[in-house]
Amino acid sequence: MKQKDMLRICLQNLMRRKSRTFLTVLGVLIGCCSIVIMVSLGIGMKEAQDKTLAEMGDLTIITVNAPQGGRGKVKLDDPLLRRLKALPGVEALTPKLSLEAESIRLITGTGKRYIADWTTVVGVDTAALEQMGYHLTAGVLPKREGEILTGQYLAYSFKDTLRPEGRNMIDRWTGEFDDSGKPVDPPPPYLDPLKQPITMEIETQNGKITLPFNPVGAVKEDYSKGSETSEGILLNMPDLLKLMEKTQGRKGKKPAYDSIMVKVKSIDQVEPVEREIKSMGYPTESMESIRKPMEKEARQKQMMLGGLGAISLFVAALGITNTMIMSISERTREIGIMKSLGCYVTDIRIMFLSEAGAIGLIGGLIGCVISFIASVAINLVSLGPSMENLLPAIVGGETVTRVSVIPPWLLLFAILFSILIGLGSGYYPANKAVRIPALEAIKSE
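What you see is a predicted model, and the numbers here were worked out from it, not measured in a lab.

Asker: I would appreciate a short explanation of the pairing of strand S1 (residues 61-65) in the present structure.
Answerer: Regular strands show a simple pattern: their side chains alternate between the two faces of the sheet. By the criterion of burial, S1 is predominantly enclosed, with five of the five residues buried. On S1, burial covers both faces: Ile61, Thr63 and Asn65 on one face and Ile62 and Val64 on the other are all buried. Bridge count between S1 and strand S12 (residues 259-264): five bridges; the pairing is antiparallel. If you follow Ile62 over to S12, its bridge partner there is Val262. By the bridge criterion, two bridges tie S1 to strand S13 (residues 284-285) in an arrangement that is antiparallel. Looking at the pairing, Thr63 lines up with Glu285 of S13.

Structure follows, in structure tokens:
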């Protein structure tokens, strides 16, 4: 039998009992919708969790700390940097070292008008900052001695000495929110630190040291990488070591680093790299201890929701089986005539399997369309029903948290799964059809 004839017979048989076919397709449609919507809700929960973790910090960063109590020769130094750099999966790293002093003041502006009474000064490998995931809100990375990076909100640490006390500083923590619940942007600071040099006054036991610096860039606030990204200053590590020689008198003696930040290539490599570092005797910190339980919980919820949807599809499979068995009982004489005319048993089996698969395909396609529309409607309700939120409800965005997320693979899986359900449900009726003896089938009324 030709494929064209097989398709024509398949469609004719489905249209012969339109009501029965419609109800069977409806069962598959409901089952497909159930499994797609349920799984999409689970994916939406996973996406929301990932965004929450991303706001807490970079998921691929491991912070290596010095052992408590200073265990002998186990310290954070350059040989350790080389060992960590050689670990499989490590993309970049940077040591961190803070400047310790009795007080650090920043002075800038004409006539020393603007003064910050405190700040944090940290040395890093500025050449590795881009790979480490640091982002600049303005300017460029330091390339020459004396160039520094400022925290995103360092400008709010300065007070205007020409204004009366109590009104000479701007509080960026307004505590106010707009109608949508987002924090209100603070008023602009009195100055832009990148447009003028900054003088650093460092108070030490040996006296006061004054040094000029040239801010060339501002780092985006990221507390996972340190509070200095907010209201501090970042220096290139050689510059900080020279500064420490002047303030602490450590000539020729290089201090151990406070910590080392290690960035791996992917989230999957965080756990093995962290395990390897701990085996060296160094305590570590990362988001893995938070991410793993949340990921496990999300996976369990996805499986539970997907299982609930699969139950509906299983019920639809029983409907397909029932429909095909009834179809066989009605077409017994037709089967006998086909056999007596020399039709291959394989063709008869394929004919019934095609009808069952077609029911699964039609139900899956319509179910996916309805599921997609339902998903968009759910997201629109959560984001706010407006045309502006239509595109974010479909494709999402960095600032958008969707309740239901349907990736393309889920739609493809639902369609293929519906077809497989149809074929599986039609397998028993198809085998039953081919086992009917031709003479007995012809005599059947």
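Asker: Looking at this structure, I do not really get the nonpolar core. What am I missing?
Answerer: Inside soluble globular proteins, nonpolar side chains tend to come together where they are buried. Within the largest apolar cluster, 42 residues are counted, with the highest numbers of intra-cluster contacts made by Leu84, Met200, Leu240 and Leu243. Sort the elements by how many residues they give to this core and helix H6 (residues 237-248) lands first, with five residues. Residue contacts for Leu84: discarding those within four places in its chain leaves Val64, Val90, Leu93, Ile260, Val262, Ile277 and Met280. Core analysis: the second largest hydrophobic core is formed by 16 residues, Cys10, Ile320, Met324 and Ala356 among them.

Asker: Where do I start with the pattern of salt bridges in this structure?
Answerer: For side chains bearing opposite charge, pairing can occur when the charged atoms are close. Under the criterion given, the structure shown has 12 salt bridges. Between Arg105 and Glu201 there is a salt bridge, and its shortest N-O distance comes to 3.4 Å. Here Arg105, found in strand S3 (residues 103-108), pairs with Glu201, found in strand S9 (residues 198-204); they are 96 residues apart in sequence, far enough to count as distant. Since its relative accessible area comes to 27%, Arg105 is described here as partly exposed. Taking the shortest distance from any N to any O, the salt bridge between Lys225 and Asp222 comes out at 2.9 Å. In the salt-bridge network here, residues are joined through shared partners; they are Arg105, Asp117, Lys159, Glu201 and Lys208.

Asker: Honestly, the environment of Arg82 in this entry has me stumped. Any pointers?
Answerer: If you trace the backbone, Arg82 turns up in helix H3 (residues 78-85). You can call Arg82 exposed: its relative accessible area is 56%. Separated by 11 residues in the primary sequence, Arg82 and Leu93 have C-alpha atoms spaced 9.8 Å apart.

Asker: Looking at this structure, how should I read the environment of Pro188?
Answerer: Counting through the fold element by element, Pro188 comes out in the loop between strand S8 (159-160) and S9. Note on Pro188: relative accessible area 62%, which makes it exposed. With 16 residues separating them along the chain, Pro188 and Arg172 place their C-alpha atoms 8.6 Å apart. The contact partners of Pro188, leaving out residues within four places of it in the chain, are Tyr156 and Ile170.

Asker: When you look at the side chain of Ser230 in this model, what are you seeing that I'm missing?
Answerer: Among the secondary structure elements, Ser230 is positioned in helix H5 (residues 228-231). The residues contacting Ser230, other than those within four sequence positions of it, are Gly151, Gln152, Tyr153, Leu154, Arg172, Glu221 and Tyr223.

Asker: Would you explain H3 in this entry?
Answerer: In an α-helix, one turn spans 3.6 residues; hence positions three or four apart end up facing the same way. Along H3, the residues classified as buried are Leu80, Leu81 and Leu84. For H3, the angular spread of the buried residues around the axis is 105°, confining them to a single face. Of the surrounding elements, those touching the buried residues of H3 are S1, strand S2 (90-98), S12 and helix H7 (270-279).

Rules used in this analysis
Residues numbered from 1 in each chain as written. Predicted model: local features only at pLDDT ≥ 70, side-chain atom pairs only at ≥ 80, totals over all residues. Heavy atoms only, no water. Buried < 20%, exposed > 50% of the residue type's maximum accessible area, 1.4 Å probe, protein only. Helix = DSSP H or I, 4+ residues; strand = E, 2+ residues; numbered from the N terminus. Pairing = 2+ DSSP bridges. Core = buried A, V, L, I, M, F, W, Y, C linked by side-chain atoms within 4.5 Å. Contact = heavy atoms within 4.5 Å. Salt bridge = Lys/Arg side-chain N within 4 Å of Asp/Glu carboxyl O. Arc of directions from axis to C-beta.

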